[in-house]
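Architecture at a glance
Listed below, chain by chain, are the residues.
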Amino acid sequence: MNEKSCSFHNEQELRDGQVEGMLDGSSSHNKDSSALAAFRGIPISELKNHSLLQALRAEANGWEPAVVSAEVLKAQEEWEAVDTIQPGPGIFLFAPGSQASSDQPGQLVSFSEALQHFQTLDLSSFKKRIQPTVRRTGFAALRHCLFGPPKLHQGLREERDLVLTIAQCGLDSQDPMHGRILQTIYKKLTGSRFDCALHGDHWEDLGFQGANPATDLRGAGFLALLHLLYLVMDSKTLPMALEILRLSRHHIQFPFCLMSVNITRIAIQALREECLSRECNRQQKVIPVVNSFYAATFLHLAHVWRTQKKTISDSGFVLKDLEALAKKSPRRLLRTLDIYLAQVSKGQASLLGAQKYCGPQGPNSKDLTFTGVCDLQPPSSEGAGLI
């Protein structure tokens, strides 16, 4: 029997009942075996013309999916409602190997809300540690009395003591408000809409020295984080904060958050030495003056760093000169800040400027030693050490 007649014979057998039994699902195991045995004799070239395959293809073309359950539809709608967030380059939404603080992103916290939180706490144990003013003796005390700034008004001293008391408080990971403040700072600086881990390498990307921000608050306490919160939550200073952050990641790098902590230390010392008393008395406020002084000092540091092409090895000397200038001319710094913010609102100011730094790209800031204010020896015995 030739190949064609064999093919015709096998096809006739399937038409006689074997194929119909398979399609109906009513054929027995023996019939299925016979059908499979019959396929073995059919050449491959003839399979596409076989009635069984044509029947299966026709049935597949008319196939319709089963009815989707309500649970599946609900899950699909919830998945499609999730926003797709693309983080910026070099920014991690979560620390590698760690978990986020919560599955749902927390709400941002304002500076006034965070300040109110501290005002409602019992901070008496921390308040005992503060030294509201610098103690001077001998000729230094006489000179300060004759030529120094005026004393702070009596009605403002409680507000001053609150600022210095917050500077004595550390970061408490068990306090939900502390966590919200950290999350707010992270989100505003990175543009992320999701919470991040409270410990992780992503804090080093923002300029802390390690994975735990609490270790870098020495000498400034939680006031350093409140200052960062003020900087990022004020619509006027947020563009400045983001531009300083970009500058810190430029060729002339410096650790952004760690530098901010050092600026807070300068603000604390200026307040204790009564360098801000005249402005506080004029505005009848302390906290807004200290905040503006912090921002103005940070702005001046960024300007010096860019225009004088400073590097991380110059940090200690830059901060020392900055502290002296800030204490001597706080009003001048505040006016410069007002002018800069007015220009930013009109799109006319830029810390990076049109001229790019043409020197060789420095090594990663994580590999360099940063010298802060507290690491320097005081210039004389007149000023007390930072907190």
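Right, let's walk through the structure included here. Remember, predicted model here, so these are calculated numbers, not experimental data. (Residues numbered from 1 in each chain as written. Predicted model: local features only at pLDDT ≥ 70, side-chain atom pairs only at ≥ 80, totals over all residues. Heavy atoms only, no water.)

Describing the side chain of Ser192
In this fold, Ser192 is placed in the loop between α10 (176–190) and α11 (202–205). Given a relative accessible area of 8%, Ser192 falls into the buried group. In terms of polar contacts, Ser192 uses its side chain to reach the backbone amide nitrogen of Phe194, at 3.0 Å. (Helix = DSSP H or I, 4+ residues; strand = E, 2+ residues; numbered from the N terminus. Buried < 20%, exposed > 50% of the residue type's maximum accessible area, 1.4 Å probe, protein only. Polar contact = N/O pair within 3.5 Å; in protein donor to acceptor, adjacent residues only side chain to side chain.)

Notes on unusual backbone geometry
We note that Glu274 has phi near 65 degrees; this positive angle belongs to a residue other than glycine. With respect to the secondary-structure elements, Glu274 resides in the loop between α14 (256–272) and α15 (277–283). For Glu274, a relative accessible area of 7% gives the class buried. Phi is positive for Gln284, close to 60 degrees, though the residue is something other than glycine.

Structural notes on the packing of helix α6 (residues 111–119) against α10
Running from N to C, α6 and α10 cross one another at 155 degrees; their axes reach a closest spacing of 11 Å. As summarised for this structure, α6 and α10 are arranged roughly antiparallel, according to the angle between their axes. As for the relative orientation of α6 and α10, their crossing is left-handed in sense. Contact with α6, carried on its side by Glu113, Ala114, His117 and Phe118, involves Met177, His178, Arg180 and Ile181 of α10 and no other residues of that element. Residue composition of the contact of α6 with α10, by class: four nonpolar, two polar and two charged. (Axes fitted to C-alpha atoms, helices over the stretch in contact; angles between N-to-C directions. Parallel < 35°, antiparallel > 145°, perpendicular 65-115°, else oblique. Left-handed = near helix turned anticlockwise from the far one by under 90°. Contact = heavy atoms within 4.5 Å. Nonpolar A, V, L, I, M, F, W, Y, C, P; charged D, E, K, R; others polar.)

A short note on the pattern of salt bridges
Under the criterion given, the structure shown has seven salt bridges. With a shortest N-O distance of 3.2 Å, Arg180 and Glu113 are connected by a salt bridge. One end of the pair, Arg180, is in helix α10; the other, Glu113, is in helix α6, and 67 residues separate them in sequence. We note a salt bridge from Lys187 to Asp195, for which the minimum N-O separation is 2.7 Å. Lys187 sits in the buried class, given a relative accessible area of 6%. Overall, Asp195 belongs to the buried group, its relative accessible area being 6%. Connected through shared salt-bridge partners, Glu273, Glu323 and Lys327 make up one network. (Salt bridge = Lys/Arg side-chain N within 4 Å of Asp/Glu carboxyl O.)

Observations concerning the environment of Phe208
In this fold, Phe208 is placed in the loop between α11 and α12 (223–233). Distance from Phe208 to Met259, taken between C-alpha atoms, is 8.8 Å for residues 51 residues apart in sequence. Apart from residues no more than four positions distant in its own chain, Phe208 is found in contact with Trp203, Pro213, Asp216, Leu225 and Cys257.

A word on the packing of aromatic side chains
Across all of its chains, the model carries seven aromatic pairs by this definition. Consider the rings of Phe118 and Phe222, whose centres lie 5.1 Å apart with planes at 45 degrees: the pair is tilted. Of this pair, Phe118 sits in helix α6 while Phe222 sits in the loop between α11 and α12, placing them 104 residues apart in sequence. By relative accessible area, Phe222 is classed as buried at 0%. Among the aromatic residues, ring-to-ring pairing joins Tyr186, Trp203 and Phe208 into one connected group. (Phe/Tyr/Trp six-rings, centres within 6.5 Å; stacked < 30°, edge-to-face > 60°.)

A short note on empty space enclosed by the protein
Summed over the entire model, instances satisfying the criterion amount to two cavities of 30 Å³ or more. Elements supplying a minimum of two residues to the lining of the largest cavity: α6, α9 (157–166), α12 and α16 (287–307). Here the residues of the lining of the largest cavity sort into eight nonpolar, two polar and no charged. Taken together, Pro132, Thr133, Leu152, Arg160, Leu271, Glu274, Leu276 and Ser277 make up the full set of residues lining the second largest cavity. Its residues assigned to classes, the lining of the second largest cavity shows four nonpolar, two polar and two charged. (1 Å grid on protein atoms, 1.4 Å probe; cavity = no way out; pocket = protein on both sides within 12 Å on 5 of 7 lines; lining within 4 Å. Points joined across faces, edges and corners; volume = space filled by probe spheres on them.)

Such coordinate-based values are descriptive only and should not be taken to indicate function.
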